[in-house]
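Structural overview for review
Chain residues, written in single-letter form:
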Amino acid sequence: MSAHPPIDNGDDIRRCLLEAGAVAVGFARAEPISQTAAAEYDDWLQAGCHAGMCYLERHAPLRLDPDNVLAGTKTVISLAFSYNPVLRRSPQLPVIATYAYGDDYHDVVRRHLERPVARLRDALGGDWRICTDTAPLAERYWAMRAGIGRRGLNGSIIIDGHGSRVFLAEILTTITITPDTPSTRRCMECGACLRACPGQAILSGSRIDAHRCLSYLTIEHKGDFPPEADVLHTPAGRRTLYGCDICVEICPHNHGVPVTSISEFTLRHDIAGLTAAQAAAMTQTQFSNIFCGSAIKRARLAGLQRNAANCLDTEQ
């Protein structure tokens, strides 16, 4: 006798994926993204708001249609996984974004989805592909098309009852699943995130100007900080070791929500007490050992030490 109930409809598929740790699952009919969404993204790129993330421009044509990622895609399944931490770093320490407290979500979410997707493939046939920010897909667009959340002024997807501390993932499949009602919902639009952003990086239309964003500057930007990046000299900038949570922390939708149930997102011991001075003195071997399987490897040792040097004026 099978250890699992049979899978024969969308509710069964949703249940299977929720059991894998997702806090929201929705289905959207696969088709090219809307002309409006495509034009908005192109305008954002043309304005140079992606800063040094040139790969976004290169991949822009591919993200227009999920069929470019998996040929014959009929359904986009959008999922959200909470990373709201159980434990926090001391507020006396420089900031490390909470999404990077535990293991790298690209790997964790994929591991959580591999077994249920294999089960779905066996039960339903067709082709299936798991995407964890590893393919050129318009993730937030598909989250809204699949009806799993609401859009924040800072561009984040907010899951009712869980907030915006969520990782998005997609499963593309060549089988047809009845789509959910798309969401057009917005956050409460209180404007707290706009007022709190130290670089005033949040633009109209839920867009971000990466040039002014502490997350971009301390994670994605390579090399010396650009001299025009004044946000790095603000009190918030001087306290930023890796990433920024200010617009997330201030958001009312994130208050009083449950912590993550996924143990791999727990604050790592080596990250819990890391100071800027320790990061500045780190060797490559230490960096590789401490951040093995961590999203912080994205910044590389040179980037982390650059960030640490900017913090050291305030850390005694």
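One structure accompanies this document, and this report is about it. (Residues numbered from 1 in each chain as written. Predicted model: local features only at pLDDT ≥ 70, side-chain atom pairs only at ≥ 80, totals over all residues. Heavy atoms only, no water.)

1. Side note on a negative patch on the surface
Operational definition: Patch definition: residues with relative accessible area over 30% and no salt bridge; like charges joined within 9 Å; nonpolar side chains (Val, Leu, Ile, Met, Phe, Trp, Tyr) joined within 5 Å. With residues, only the protein chains shown are counted as cover, and all accessible areas are computed by Shrake-Rupley using a 1.4 Å probe. What makes a salt bridge here is a side-chain nitrogen of Lys or Arg within 4 Å of a carboxyl oxygen of Asp or Glu, nothing more. Counting rule applied: Lys, Arg positive; Asp, Glu negative; His and chain ends not counted. Here the site of a charge means NZ on Lys, CZ on Arg, CG on Asp, or CD on Glu. Numbered from the N terminus, helices here are DSSP runs of H or I no shorter than four residues, and strands are runs of E no shorter than two.
Residues E40, D42, D43 and E57 make up a contiguous surface patch of negative charge. The element best represented in the negative patch is helix α2 (residues 35-46), accounting for three residues. Mapped onto the elements of the fold, E57 is located in helix α3 (residues 54-59).

2. A short note on the environment of M53
Test applied: Contacts were defined at the residue level, with two residues in contact if any of their heavy atoms lie within 4.5 Å.
With respect to the helices and strands, the residue M53 is situated in the loop between α2 and α3. The sequence separation of M53 and Y216 amounts to 163 residues, and the corresponding C-alpha distance is 9.1 Å. In this view, M53 contacts A210, Y216 and E220; residues no more than four positions away in its chain are not counted.

3. Focus on the packing of helix α1 (residues 10-18) against helix α4 (residues 105-124)
Heads up, the condition is: Only the stretch in contact is used when a helix axis is fitted, and all axes are lines through C-alpha atoms; the angle between N-to-C directions ranges over 0 to 180 degrees. For classification, angles of less than 35 degrees are called roughly parallel, those exceeding 145 degrees roughly antiparallel, those between 65 and 115 degrees roughly perpendicular, and all remaining angles oblique. Each crossing is labelled by how the near helix is turned from the far one, with a counterclockwise turn of less than a right angle marking it left-handed and a clockwise turn marking it right-handed. As a working rule, the residues Ala, Val, Leu, Ile, Met, Phe, Trp, Tyr, Cys and Pro are called nonpolar, Asp, Glu, Lys and Arg charged, and the rest polar, with Gly in that last group.
It is at 9 Å that the axes of α1 and α4 come closest, and there the two elements cross at 155°. By the angle between their directions, the pair α1 and α4 is classed as roughly antiparallel. Seen along the crossing, α1 lies across α4 with a hand that is right-handed. From α1, I13, R15, C16 and L17 reach across to α4, where they touch L113, P116, R119, L120 and L124. Tallied by class, residues from the contact of α1 with α4 come to seven nonpolar, no polar and two charged.

4. Description of the pattern of salt bridges
Threshold: Relative accessibility under 20% of the residue-type maximum defines a buried residue, over 50% an exposed one, and the middle range a partly exposed one, all with a 1.4 Å probe and only protein chains included.
Under the counting rule described, the total for this entry stands at 14 salt bridges. With a shortest N-O distance of 2.9 Å, D12 and R15 are connected by a salt bridge. Here R15 and D12 lie together in helix α1, a separation of three residues that amounts to about one turn. The exposure class assigned to D12 is buried, which follows from its relative accessible area of 11%. Two residues, R88 and E249, come together in a salt bridge whose shortest N-O distance is 2.9 Å. In this pair, R88 is assigned in the loop between β2 (75-82) and β3 (95-96) and E249 in helix α9 (residues 246-249), connecting sequence segments 161 residues apart.

5. Observations regarding the sheet that holds strand β7 (residues 166-173)
Going by this rule: Here a strand pair is declared whenever DSSP counts at least two bridges between the two strands.
Pairing within the open sheet is antiparallel, and its four strands lie in the order β1-β2-β7-β4. In the strand order of this sheet, the two ends are held by β1 (24-29) and β4 (128-131), each with one partner. Looking at each pair of strands side by side, their axes are set apart by 20° on average, direction ignored. Looking at chain direction, β1 and β2 are connected through six bridges and run antiparallel. The residue bridging A28 from the neighbouring strand is V76, located in β2. Each of β1, β2 and β7 is contacted by α1, which is oriented at about 140° to β1, the strand it contacts most.

6. Re the environment of R110
Within the element layout of this structure, R110 appears in helix α4. Assessed through its relative accessible area of 26%, R110 is described here as partly exposed. Discounting residues that sit within four places of it in the chain, R110 has contacts with Y105, I130, C131, T132 and T134.

7. Thoughts on a nonpolar patch on the surface
On the surface, V86, L87 and V259 cluster together into a nonpolar patch covering about 270 Å² of accessible area. Here L87 shows up in the loop between β2 and β3.

8. Quick notes on unusual backbone geometry
Most peptide bonds take the trans form, and the phi angle of most residues other than glycine is negative. Phi at A51 takes a positive value of approximately 55°, unusual for a residue other than glycine. Relative to the elements of secondary structure, A51 occurs in the loop between α2 and α3. At Q200, a residue that is not glycine, the phi angle is positive and equals roughly 50°. When you line up the elements, Q200 lands in the loop between α6 (192-196) and β8 (202-203). Note on Q200: relative accessible area 42%, which makes it partly exposed.

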